Amino acid sequence: MVLSDRSIKEQLLAGRIRIEPFDPDDIQPSSVDLHLDSSFQVFRNSRYPYIDPFMEQSGLMELVTASSEQPFVLHPGEFVLGATIEHVGLPDDIVARLEGKSSLGRLGLLIHSTAGYVDPGWDGTLTLELSNVANLPMVLTPGMAIGQISFMQMTTPVDRPYGTPGLGSRYQGQVAPTPSKSHLSRSR
(Lines give C-alpha, C1' and ligand atoms only; values in the text may rest on other atoms or scores of the structure.)
Protein backbone atom coordinates (compact mmCIF):
# COMPACT_ATOMS: atom_id res chain seq x y z
CA MET A 1 0.00 0.00 0.00
CA VAL A 2 1.17 3.54 -0.78
CA LEU A 3 1.80 5.67 2.31
CA SER A 4 -0.36 8.76 2.72
CA ASP A 5 0.97 12.12 3.87
CA ARG A 6 -0.06 11.23 7.42
CA SER A 7 1.78 7.89 7.30
CA ILE A 8 4.86 9.51 5.74
CA LYS A 9 4.97 12.03 8.61
CA GLU A 10 4.66 9.19 11.14
CA GLN A 11 7.49 7.22 9.51
CA LEU A 12 9.70 10.32 9.38
CA LEU A 13 8.98 11.17 13.01
CA ALA A 14 9.79 7.59 14.07
CA GLY A 15 13.07 7.79 12.11
CA ARG A 16 12.16 4.78 9.95
CA ILE A 17 12.21 6.87 6.75
CA ARG A 18 15.02 9.44 6.67
CA ILE A 19 15.15 12.45 4.35
CA GLU A 20 17.91 14.98 5.03
CA PRO A 21 17.63 17.87 4.59
CA PHE A 22 13.88 17.80 5.10
CA ASP A 23 11.27 20.56 4.79
CA PRO A 24 7.73 19.65 5.98
CA ASP A 25 6.36 21.83 3.16
CA ASP A 26 7.69 19.24 0.69
CA ILE A 27 5.14 16.64 1.81
CA GLN A 28 2.46 16.11 -0.84
CA PRO A 29 -0.71 13.95 -0.44
CA SER A 30 1.22 10.70 -1.05
CA SER A 31 4.82 11.71 -1.75
CA VAL A 32 7.66 14.05 -0.80
CA ASP A 33 9.20 16.54 -3.22
CA LEU A 34 12.94 16.17 -3.85
CA HIS A 35 15.34 18.83 -5.11
CA LEU A 36 18.14 19.01 -7.65
CA ASP A 37 21.76 19.07 -6.47
CA SER A 38 24.41 21.17 -8.25
CA SER A 39 26.53 18.28 -9.60
CA PHE A 40 26.06 16.63 -12.99
CA GLN A 41 27.86 13.81 -14.78
CA VAL A 42 28.05 14.49 -18.53
CA PHE A 43 29.34 12.21 -21.27
CA ARG A 44 32.72 12.98 -22.83
CA ASN A 45 31.72 11.79 -26.29
CA SER A 46 35.21 11.94 -27.75
CA ARG A 47 36.77 9.68 -25.11
CA TYR A 48 35.53 6.30 -26.42
CA PRO A 49 34.08 5.17 -29.77
CA TYR A 50 31.18 3.37 -28.01
CA ILE A 51 29.86 2.42 -24.59
CA ASP A 52 30.50 -1.15 -23.46
CA PRO A 53 28.41 -1.76 -20.31
CA PHE A 54 30.70 -4.63 -19.25
CA MET A 55 33.99 -2.80 -19.57
CA GLU A 56 35.28 -0.18 -17.16
CA GLN A 57 35.55 3.05 -19.15
CA SER A 58 37.15 5.57 -16.83
CA GLY A 59 36.73 9.11 -18.02
CA LEU A 60 33.55 8.30 -19.96
CA MET A 61 31.76 10.91 -17.86
CA GLU A 62 32.91 14.22 -16.44
CA LEU A 63 31.64 15.92 -13.29
CA VAL A 64 30.43 19.51 -13.79
CA THR A 65 28.94 21.85 -11.23
CA ALA A 66 26.12 24.34 -11.76
CA SER A 67 24.92 27.20 -9.57
CA SER A 68 21.97 29.56 -9.29
CA GLU A 69 23.98 32.12 -11.23
CA GLN A 70 25.12 29.58 -13.84
CA PRO A 71 22.46 26.87 -14.08
CA PHE A 72 22.92 23.69 -16.07
CA VAL A 73 21.47 23.76 -19.60
CA LEU A 74 20.14 20.39 -20.77
CA HIS A 75 19.93 20.35 -24.55
CA PRO A 76 17.32 18.48 -26.62
CA GLY A 77 18.12 14.78 -26.82
CA GLU A 78 20.84 15.10 -24.18
CA PHE A 79 21.22 12.60 -21.34
CA VAL A 80 23.13 13.42 -18.14
CA LEU A 81 23.19 12.22 -14.55
CA GLY A 82 22.12 14.49 -11.72
CA ALA A 83 21.38 13.87 -8.06
CA THR A 84 18.98 14.85 -5.34
CA ILE A 85 20.06 17.20 -2.60
CA GLU A 86 18.24 14.93 -0.18
CA HIS A 87 19.86 11.90 1.38
CA VAL A 88 17.20 9.17 1.69
CA GLY A 89 17.26 6.19 4.05
CA LEU A 90 14.71 3.36 4.04
CA PRO A 91 14.04 0.55 6.53
CA ASP A 92 13.86 -3.11 5.52
CA ASP A 93 10.08 -3.10 5.02
CA ILE A 94 9.47 0.01 2.91
CA VAL A 95 10.22 0.43 -0.79
CA ALA A 96 10.08 3.75 -2.63
CA ARG A 97 9.35 4.99 -6.13
CA LEU A 98 10.95 8.07 -7.67
CA GLU A 99 8.90 9.99 -10.24
CA GLY A 100 9.21 13.28 -12.05
CA LYS A 101 7.18 16.38 -11.36
CA SER A 102 4.21 16.62 -13.70
CA SER A 103 4.88 20.29 -14.45
CA LEU A 104 8.43 19.48 -15.63
CA GLY A 105 7.33 16.38 -17.53
CA ARG A 106 4.92 18.56 -19.49
CA LEU A 107 7.94 20.58 -20.60
CA GLY A 108 9.81 17.46 -21.75
CA LEU A 109 12.03 16.67 -18.75
CA LEU A 110 12.41 13.02 -17.76
CA ILE A 111 14.22 12.31 -14.47
CA HIS A 112 14.78 8.58 -14.84
CA SER A 113 15.05 6.10 -17.65
CA THR A 114 14.74 2.91 -15.64
CA ALA A 115 16.05 3.61 -12.15
CA GLY A 116 12.94 4.89 -10.41
CA TYR A 117 12.81 2.05 -7.91
CA VAL A 118 14.42 2.50 -4.47
CA ASP A 119 15.03 -0.76 -2.60
CA PRO A 120 14.36 -1.35 1.09
CA GLY A 121 17.57 -0.70 3.00
CA TRP A 122 18.68 2.06 0.59
CA ASP A 123 20.82 4.81 2.10
CA GLY A 124 22.19 7.70 0.03
CA THR A 125 21.31 10.43 -2.41
CA LEU A 126 19.42 9.41 -5.54
CA THR A 127 21.07 9.59 -8.95
CA LEU A 128 18.75 11.07 -11.56
CA GLU A 129 18.85 10.01 -15.21
CA LEU A 130 17.96 13.34 -16.80
CA SER A 131 16.76 13.54 -20.41
CA ASN A 132 15.34 16.45 -22.36
CA VAL A 133 12.81 15.16 -24.90
CA ALA A 134 11.62 18.67 -25.81
CA ASN A 135 12.79 20.60 -28.86
CA LEU A 136 14.34 23.45 -26.87
CA PRO A 137 17.14 23.58 -24.29
CA MET A 138 15.99 23.43 -20.67
CA VAL A 139 17.49 25.30 -17.71
CA LEU A 140 18.05 23.19 -14.58
CA THR A 141 18.75 25.26 -11.49
CA PRO A 142 20.26 23.67 -8.36
CA GLY A 143 17.68 23.56 -5.57
CA MET A 144 14.66 23.35 -7.87
CA ALA A 145 11.98 20.75 -7.10
CA ILE A 146 12.92 18.01 -9.56
CA GLY A 147 10.87 14.96 -8.55
CA GLN A 148 8.87 13.23 -5.89
CA ILE A 149 9.31 10.05 -3.92
CA SER A 150 6.44 7.85 -2.76
CA PHE A 151 6.67 4.98 -0.29
CA MET A 152 5.07 1.55 -0.16
CA GLN A 153 4.75 -0.72 2.87
CA MET A 154 5.90 -4.27 2.10
CA THR A 155 4.06 -7.36 3.31
CA THR A 156 7.10 -8.39 5.40
CA PRO A 157 10.61 -7.07 5.96
CA VAL A 158 13.05 -8.29 3.32
CA ASP A 159 15.61 -10.94 4.24
CA ARG A 160 18.46 -9.08 2.52
CA PRO A 161 18.05 -5.27 2.38
CA TYR A 162 19.96 -3.24 -0.19
CA GLY A 163 23.57 -2.95 0.98
CA THR A 164 23.70 -6.42 2.55
CA PRO A 165 27.19 -7.92 2.03
CA GLY A 166 27.25 -10.37 -0.85
CA LEU A 167 24.19 -8.83 -2.51
CA GLY A 168 26.20 -6.77 -4.99
CA SER A 169 24.68 -3.41 -4.04
CA ARG A 170 26.87 -1.03 -6.03
CA TYR A 171 25.46 2.35 -5.10
CA GLN A 172 24.81 2.20 -1.34
CA GLY A 173 25.93 5.40 0.38
CA GLN A 174 26.38 7.44 -2.80
CA VAL A 175 26.45 11.20 -2.24
CA ALA A 176 26.70 12.52 -5.81
CA PRO A 177 25.53 11.57 -9.30
CA THR A 178 27.18 8.19 -9.73
CA PRO A 179 28.06 6.78 -13.16
CA SER A 180 27.16 3.20 -14.06
CA LYS A 181 29.04 0.39 -12.39
CA SER A 182 27.64 -2.24 -14.77
CA HIS A 183 31.18 -3.42 -15.49
CA LEU A 184 31.10 -5.01 -12.03
CA SER A 185 28.33 -7.41 -13.12
CA ARG A 186 28.92 -11.08 -12.55
CA SER A 187 27.93 -12.05 -16.09
CA ARG A 188 27.88 -10.46 -19.52
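To be clear, the structure that these remarks concern was listed above.
The structure displayed is predicted, hence computed values, not measured ones. (Residues numbered from 1 in each chain as written. Predicted model: local features only at pLDDT ≥ 70, side-chain atom pairs only at ≥ 80, totals over all residues. Heavy atoms only, no water.)

K.L.:
Give me the lowdown on the nonpolar core, citing residues and values where you can.
P.N.:
Judged by nonpolar contacts, the single largest core of 35 residues is most densely connected at Leu90, Leu109, Leu130, Leu140, Ile146, Ile149 and Phe151. In contact with Ile149, other than residues within four places in its own chain, are Ser31, Val32, Leu34, Val88, Ala96, Arg97, Val118 and Leu126. (Core = buried A, V, L, I, M, F, W, Y, C linked by side-chain atoms within 4.5 Å. Buried < 20%, exposed > 50% of the residue type's maximum accessible area, 1.4 Å probe, protein only. Contact = heavy atoms within 4.5 Å.)

K.L.:
Before we move on, can you summarise the sheet that holds strand S2 (residues 32–35) with the specific residues and values?
P.N.:
Taken in spatial order, the four strands make up an open sheet running S2-S12-S7-S9, and their pairing is antiparallel. Each edge of the open sheet is held by one strand with a lone partner, namely S2 and strand S9 (117–118). Note that strand S7 (residues 94–100) and S9 share two bridges and pair antiparallel. Each bridged residue has a counterpart across the sheet, and for Arg97 the counterpart in S9 is Tyr117. (Pairing = 2+ DSSP bridges. Helix = DSSP H or I, 4+ residues; strand = E, 2+ residues; numbered from the N terminus.)

K.L.:
Just give me the short version of the pattern of salt bridges, but keep the residues and values in it.
P.N.:
Close approach of charged atoms allows side chains with opposite charge to pair. Under the defined criterion, the tally for this structure stands at four salt bridges. A salt bridge links Asp123 to Arg18, with the shortest nitrogen-to-oxygen separation between them at 2.5 Å. One end of the pair, Asp123, is in strand S10 (residues 123–132); the other, Arg18, is in strand S1 (residues 18–20), with 105 residues separating them in the sequence. A salt bridge links Arg97 to Glu99, with the nearest nitrogen and oxygen atoms 3.0 Å apart. According to the relative accessible area criterion, Glu99 is partly exposed, its value standing at 31%. (Salt bridge = Lys/Arg side-chain N within 4 Å of Asp/Glu carboxyl O.)

K.L.:
I'd love a proper account of the packing of aromatic side chains, names of residues and values included.
P.N.:
With the rule as written, the count across this model stands at three aromatic pairs. A ring pair is formed by Phe40 and Phe72, whose centres lie 4.2 Å apart and whose planes are at 15 degrees; its orientation type is stacked. On the criterion of sequence distance, the pair formed by Phe40 in strand S3 (residues 39–43) and Phe72 in strand S5 (residues 72–74) is long-range, its members being 32 residues apart. Of the two residues, Phe40 and Phe72, both sit in the buried class. (Phe/Tyr/Trp six-rings, centres within 6.5 Å; stacked < 30°, edge-to-face > 60°.)

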